[in-house]
Amino acid sequence: MPSFIRHLLFPHESNNQRAKLLHPSSWGLIIGLFTIFQLTINQLTISYPQVLGYASQIAPETVIKLTNLKRQENSLPPLQSNPELSAAAAQKAADMFARNYWAHISPVGTQPWYFITTAGYTYRYAGENLARDFSDPNAVVDAWMASPSHRDNLLNSHYQDIGIAVVDGTLDGRETTLVVQMFGTQLSAAPAITQGAVTIVKPIQAASTTSTMNYEPKTINPFDITKLVSLGLIIIFIAVLTVDIISVYRHKIVRWTSKSFAHLLFLLALLIAALIISKGQII
Amino acid sequence: MTFERDFAHHPMHYFTLLCIMLVGLWGIFWFNYSRAVQLGIILSMASSYVVWGIVHHAHHKDLHIKVVYEYILVALFSVLIFASLIFRA
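So, how was this worked out
- Residues numbered from 1 in each chain as written.
- Chains lettered and ligands numbered in written order.
- Predicted model: local features only at pLDDT ≥ 70, side-chain atom pairs only at ≥ 80, totals over all residues.
- UniProt positions renumbered as here; feature names shortened; annotations may be inferred.
- Helix = DSSP H or I, 4+ residues; strand = E, 2+ residues; numbered from the N terminus.
- Contact = placed C-beta atoms within 7 Å.
- Nonpolar A, V, L, I, M, F, W, Y, C, P; charged D, E, K, R; others polar.
- Buried ≥ 20, exposed ≤ 12 C-beta atoms within 10 Å, placed from the backbone.
- Expected span 1.5 Å × (residues − 1).

Draft legend 1. Spotlight on the UniProt feature "transmembrane region" (unreviewed entry) in chain B. On the UniProt side, "transmembrane region" (unreviewed entry) is annotated at positions that read residues 12-31, 37-55 and 67-87 of chain B here. Across residues 37-55 of chain B one finds 100% helix and 0% strand; the C-alpha atoms that close the span lie 27 Å apart.

Draft legend 2. How the structure looks around the interface of chain A and chain B. Tallying the contact residues gives 41 residues for chain A and 38 residues for chain B. Of all the secondary-structure elements, those providing two or more residues to the side of chain A that touches chain B are α2 (24-47), β4 (174-186), α8 (222-251) and α9 (260-278) of chain A. For the side of chain A that touches chain B, the element with the most residues is α9 of chain A, which contributes 13 residues. The residue makeup of the side of chain A that touches chain B, split by class, is 25 nonpolar, 10 polar and 6 charged.

Draft legend 3. Seen up close, the environment of Val-68 of chain B. All names here are of chain B. If you trace the backbone, Val-68 turns up in helix α4 (residues 65-86). Here Val-68 falls in the partly exposed class, since 15 other C-beta atoms lie within 10 Å of it. What Val-68 contacts, discounting residues up to four positions off in sequence, is Gly-53 and Ile-54.

Draft legend 4. The arrangement of helix α3 (residues 35-60) of chain B in detail. Residue and element names in this part refer to chain B. Taking 1.5 Å of rise per residue, the 26 residues of α3 would be expected to cover 38 Å, and the 37 Å separating its terminal C-alpha atoms lies within 8% of that figure. All of the buried residues in α3 are Gln-38, Ile-41, Ile-42, Met-45, Ala-46, Tyr-49, Trp-52, Gly-53 and His-56. Immediately beyond the C-terminal end of α3, within one or two residues, lies Lys-61, with a positive phi of roughly 60 degrees.

Next comes the structure, spelled out in structure tokens:
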């Protein structure tokens, strides 16, 4: 093993029986470098939005394709892409950004069905799935499939049409991507049975958001880079601390330092917390 | 003092630390809808962690400014990582 790697990652005489990475100077250096990295990413996002930006990597067509794949796996007919439902989904996403909410029903009581009917789609059956903070269409559909209520929507045999909107914008002060999935069956497609009453409150116009209905993947999501670096750093430190604890235990090393086991517990908690906050949400 | 002796002599210290982490994680999970509350929780966890380190080493009678500095650096690192993820920097 190269001596530099051993010096950096493993307890040894050269590093006073403690991996150099765990020395205070190394922690300080990592903190400094990470801060510079974050400032650079932010600056690049502002200066070169065409390269590094929050434009979504999720293509609506892919979400439809994946949804239909799941339906086919369950012996259900595929859904047809419907422009009215897509327009309704885009309007719903715009309303969420404009009113700054994350829910099926807006703070002023607007229900999803309002967007569907105002888009010109007269429904017999209708449903809605929402997702945010995902950067991969597979992850979105997998998350929906893992949730019983969303899965019921995806695999509902009553639906014939589907509309998707993937919209980037700012929610709660954070750049995010909303995925709105709307299902429906036209009233004319089957005997008329009206679904429940709908409370209608006129939604306000869309704010400065960008729909990715015409999908053109061209940017790298800076959050993906941040997530990769952050989780990578935590995992490296957890690995080095684990090796340190084992090595100290096996060689009965006595040191006057902080407790590696305490650091390990804290970083494991941080890793779990980081995974909780960095994953996408569905409702 | 070796690790196993430390652990055997102060099981309550580590149990307390584990409880702090578990309660903090529960809070972060529970308040998933509020980034501000989550940030407050991680700041509390980090502060508690530094205090835990000081108390633990004071009991051991091996408290030194360099040791405190190490706990502060680990706590600072954690808050920085968490904040960068929470604000999608």
